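# A look at the structure
Residues per chain, in single letters:
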Amino acid sequence: MVAISTIETMTLDGGMACLDLVNSGYDTQPGIITDRMFSYADLITLSSRLGILDQQEIAALSLLASKNSTQAAKALNNLKKFRELMYQVLVAMVHKKLPALNKAVLKELNTYLAESITHRELILSQGAFKADWKKEKLNLEKPLWLFVFSASELLSSDKCQYVKQCTGCAWLFIDESKSHRRKWCDMKSCGANEKYKRFSLKLKTENTSV
Ligand SMILES: [Zn+2]
């Protein structure tokens, strides 16, 4: 039996933060939820592993969450709703079913995006403009805004044509291989498992046909 990884041990093979967020909640078969996010601390762990928050923000958010458990639970719940929404969008995209996507899903996605971008601004740095996150009072929703931003970057870029769903575990990843023919999130785990399965099946067929 393959042990289900945790938020600390799951591999981060998605290629973009929003994909690893989705992968934290879906596994093995499409539509099956194997959650790894049970507390706000798990959300901080994932954000930290992905490097989307700096160490100072991580420490400050952890402290804020410990003092405001109701708000932290609300922020986690909101993030999970977004994760579910993204799963629907990405699976539809991978299986070329975007035209059939429910309009309400797009509307909801845009609601998340509208909230996220109110926390960004243009700043002048060395004579040039740069878009960045506002230096504002720390908010427990910040990890969500970062994942939403990552999702909007992915969905509006050329990379989205290379998003695939692993044939082994159903995780989503960007296939950046030269031939764009990658089937597995990770060659060492899912790739090896699939090859082993095929080998076992071949042996079985050979033995039964003798
Ligand atoms: Zn996989």
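So, a few notes on the structure that sits alongside this text. Because the structure is a prediction, the values reported are computed rather than measured.

What counts as what
Residues numbered from 1 in each chain as written. Predicted model: local features only at pLDDT ≥ 70, side-chain atom pairs only at ≥ 80, totals over all residues. Heavy atoms only, no water. Salt bridge = Lys/Arg side-chain N within 4 Å of Asp/Glu carboxyl O. Helix = DSSP H or I, 4+ residues; strand = E, 2+ residues; numbered from the N terminus. Buried < 20%, exposed > 50% of the residue type's maximum accessible area, 1.4 Å probe, protein only.

### Comments concerning the pattern of salt bridges
- By the definition in use, this model includes five salt bridges.
- Between Asp35 and Lys80 there is a salt bridge; the shortest N-O distance is 2.8 Å. Here Asp35, found in the loop between helix H1 (17–23) and helix H2 (40–50), pairs with Lys80, found in helix H4 (residues 69–94); they are 45 residues apart in sequence, far enough to count as distant.
- The partly exposed category is assigned to Lys80, whose relative accessible area is 24%.
- For the salt bridge of Lys164 with Asp175, the shortest nitrogen-to-oxygen distance reads 2.6 Å. With a gap of eleven residues between them, Lys164 in strand E3 (residues 163–165) and Asp175 in the loop between strand E4 (172–174) and helix H7 (187–208) connect regions that are remote in the sequence.
- For Lys164, a relative accessible area of 22% gives the class partly exposed.
- Members of the salt-bridge network, linked through shared partners, are Asp35, Lys80 and Arg83.

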